[in-house]
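Commentary on secondary and tertiary structure
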Amino acid sequence: MPRLGRNSVVGIIGAGAMGTGIAQIAATAGHRVILFDVRADAANRALESIGTVLDKLVSKNKLSADEARAIAGRLSVANTAAAEGDYSVLAECGIVIEAIVEDLEIKRELFVQVERSVHSECVLATNTSSLAVTAIARGCTNAQRVIGVHFFNPAPVLPLVEIVPGLATSESVTREVRTLIDAWGKTTVLASDTPGFIVNRVARPFYGEAIR
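Everything numeric in this text was worked out from a predicted model, so none of it was measured.

Within the largest apolar cluster, 38 residues are counted, with the highest numbers of intra-cluster contacts made by Ile-95, Val-149, Phe-151, Val-177, Ile-181 and Trp-184. The leading source of residues in this core is helix α1 (residues 17-28), at six residues. Here Val-149 is in contact with Ala-125, Thr-126, Asn-127, Val-161, Glu-162, Ile-163, Val-177 and Ile-181, once residues within four sequence places are set aside. Of all hydrophobic cores here, the second largest spans 25 residues; its members include Ile-34, Leu-110, Ala-143 and Val-146.

In structure tokens, the structure reads:
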């Protein structure tokens, strides 16, 4: 049986622009979403930001008021216990997506801590745009469930999502995660765990040419 589906609880770690956008997408797709940030005010501001976006969508007749209320009702903010390395508030999640600073050691340590707190079937996903998924997963006991899920900013608007299995990621996790993100209305592409994945690897020569 797949571990991921419409009833799966989605955990988001990091309430910056990317985490906020991903939380909005997941809640709009019908999931209950737990948003966590070590800065409690950041997580609360993220909910306010999503509420503002939903209000605008209602004013443009892209959502009904009832739909907007339902989406907002599926969003909640975790407490700050995880600041001490306790992520038990995410224990019921089917998938946890981190969208924090692009620092390999910080991400790796985060995944080690989260793995201790979630159930054994929970998928651990990173929104990294360039770091090696395999390297991020290296500290985990079960690296088979670690995968890259790279959204582009702004996540609710841009359709592309790179699905990046690490060397240890199981085929079933890759398949289930891709099916889940497809169900969120995104266009997924399977990328190799190489520097820059697909989009950034293609784009960087263009940047270099412009600089020259």
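Before going further, it helps to examine α1. Counting along an α-helix, one turn takes 3.6 residues, and residues three or four places apart therefore face a common direction. Here α1 spans 17 Å end to end across twelve residues, near enough to the 16 Å set by a 1.5 Å rise per residue. Counted residue by residue, α1 has ten buried out of twelve residues, so it is predominantly covered. All of the buried residues along α1 are Met-18, Gly-19, Thr-20, Gly-21, Ile-22, Ala-23, Gln-24, Ile-25, Ala-26 and Ala-27. Where α1 terminates, the next one or two residues include Gly-30, which has phi positive at roughly 105 degrees.

Bringing the pattern of salt bridges into the picture now. Tallied over the entire structure, the rule returns eight salt bridges. Across the salt bridge formed by Glu-92 and Arg-32, the nearest N and O atoms sit 2.6 Å from each other. Taken as a pair, Glu-92 in the loop between β3 (75-77) and β4 (93-98) and Arg-32 in the loop between α1 and β2 (33-36) lie far apart in primary sequence, 60 residues in all. Glu-92 gets classed as partly exposed once you look at its relative accessible area, which sits at 44%. Glu-105 is paired through a salt bridge with Arg-108; the nearest N and O atoms lie 3.1 Å apart. Of this pair, Glu-105 and Arg-108 both sit in helix α4 (residues 104-117), separated by three residues, roughly a single helical turn. Each of Glu-98, Glu-102 and Lys-107 takes part in salt bridges that share partners, so that together they form one network.

Definitions and limits used
- Residues numbered from 1 in each chain as written.
- Predicted model: local features only at pLDDT ≥ 70, side-chain atom pairs only at ≥ 80, totals over all residues.
- Heavy atoms only, no water.
- Core = buried A, V, L, I, M, F, W, Y, C linked by side-chain atoms within 4.5 Å.
- Buried < 20%, exposed > 50% of the residue type's maximum accessible area, 1.4 Å probe, protein only.
- Helix = DSSP H or I, 4+ residues; strand = E, 2+ residues; numbered from the N terminus.
- Contact = heavy atoms within 4.5 Å.
- Expected span 1.5 Å × (residues − 1).
- Salt bridge = Lys/Arg side-chain N within 4 Å of Asp/Glu carboxyl O.

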